[in-house]
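The primary structure of each chain is shown beneath.
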Amino acid sequence: MIIKTSEFALSAPKVDLCPKEDKVEFAFIGRSNVGKSSLINMLCNHKGLAKTSATPGKTLLINHFLINKEWYLVDLPGYGYAKRSKQVQKQLEQMISGYILQREQLMNVFVLIDIRHEQQKIDREFIDWLGISQIPFSIIFTKADKLSAGKAKSNAMAWMKKLKDTWEELPPYFITSSEDKTGRDEVLNYIESINHAISLS
């Protein structure tokens, strides 16, 4: 897939204020500070598209970016940021679950995982919830440039292997780096394959 245009469309505090049109959507989510904004900018080849911040937990709205005038890339708030108040955390959880469970245009959720770390309870619980809710999703391992290629691959495989304790079929996964654009073509081609399948149905 070649991305020719990418532009900010709107920010919504809840699912019923998202775009009314029926363009398909691909959502990106992960723990705070996982490198989500950098990944989105890298995928779109548009450095200032999603606002990156040194402070984790800055995304508090459902942000829609229109890609090639055809589909939406959706930037969801990060989960598990400990410094938020319990009330704000609860509001965000309701916003995220409301969007994921109710949004008919949503085709796939990309869950971002920092490749340097072992499987964290909060990520595993979120992924298990997606499975129970029957939401199509894929895993994107970020920050692969921080490790050697071999170590990045073995970390990803070890992370995926841990899912086998309850998962019969593992979701697709991608190893990426926003710094050197590792995995960019693979993620975009995956989105394109889903869009193509929809156009044929």
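In what follows, the accompanying structure is described. These numbers come from a predicted model, not from an experiment.

Attention now moves to the packing of helix H1 (residues 36-44) against helix H5 (residues 184-200). One way to put it is that H1 packs onto H5 with a least axis distance of 10 Å and a crossing angle of 75°. For the element pair H1 / H5, the angle class is roughly perpendicular. When H1 is examined against H5, the residues Met 42, Leu 43 and Cys 44 are found in contact with a partner set consisting of Arg 184, Val 187 and Leu 188. Along the lines of polarity and charge, the residues of the contact of H1 with H5 split into five nonpolar, no polar and one charged.

Applying the stated criterion across every chain yields a total of eleven aromatic pairs. Taking the centre distance of 5.8 Å and the plane angle of 75° together, the rings of Phe 141 and Trp 159 count as edge-to-face. Taken as a pair, Phe 141 in strand E6 (residues 137-142) and Trp 159 in helix H4 (residues 149-162) lie far apart in primary sequence, 18 residues in all. What makes Trp 159 buried here is its relative accessible area of 3%. With centroids separated by 5.8 Å and ring planes inclined at 80°, the aromatic side chains of Phe 141 and Tyr 173 adopt a geometry described as edge-to-face. Here Tyr 173 lies in strand E7 (residues 173-175) and Phe 141 lies in strand E6, a separation of 32 residues in the sequence. Owing to a relative accessible area of 1%, Phe 141 belongs among the buried residues under this scheme. Members of the aromatic cluster, connected to one another through ring pairs, are Phe 28, Phe 110, Phe 174 and Tyr 190.

Thresholds, definitions, all that
Counting restarts for each chain, with residues numbered from 1 along the sequence as it is written. In keeping with the model being predicted, local features are shown solely for residues with a pLDDT of at least 70 and side-chain atom pairs are shown and tallied solely at 80 or more, while totals for entire chains, interfaces and linings include all residues. Heavy atoms from the whole structure form the basis of all side-chain values; hydrogens and water molecules are not counted. Convention adopted: a line fitted to C-alpha atoms gives each axis, helices being fitted over their contacting stretch, and angles between N-to-C directions are expressed from 0 to 180 degrees. Starting at the N terminus, helices and strands are each numbered in turn, a helix being any DSSP run of H or I of at least four residues and a strand any DSSP run of E of at least two. Roughly parallel covers angles under 35 degrees, roughly antiparallel covers those over 145, roughly perpendicular covers 65 to 115, and oblique covers all other angles. Note on contacts: a residue pair is in contact if any heavy atoms of the two residues lie within 4.5 Å. Residue polarity follows a fixed list, in which Ala, Val, Leu, Ile, Met, Phe, Trp, Tyr, Cys and Pro are nonpolar, Asp, Glu, Lys and Arg are charged, and the others, Gly among them, are polar. For Phe, Tyr and Trp, where Trp contributes only its six-membered ring, two rings pair if their centres lie within 6.5 Å, and the inter-plane angle classes them as stacked under 30 degrees, edge-to-face over 60, or tilted in between. Partly exposed residues are those whose accessible area sits between 20% and 50% of the maximum for their type, while under 20% is buried and over 50% is exposed, using a 1.4 Å probe and protein chains only.

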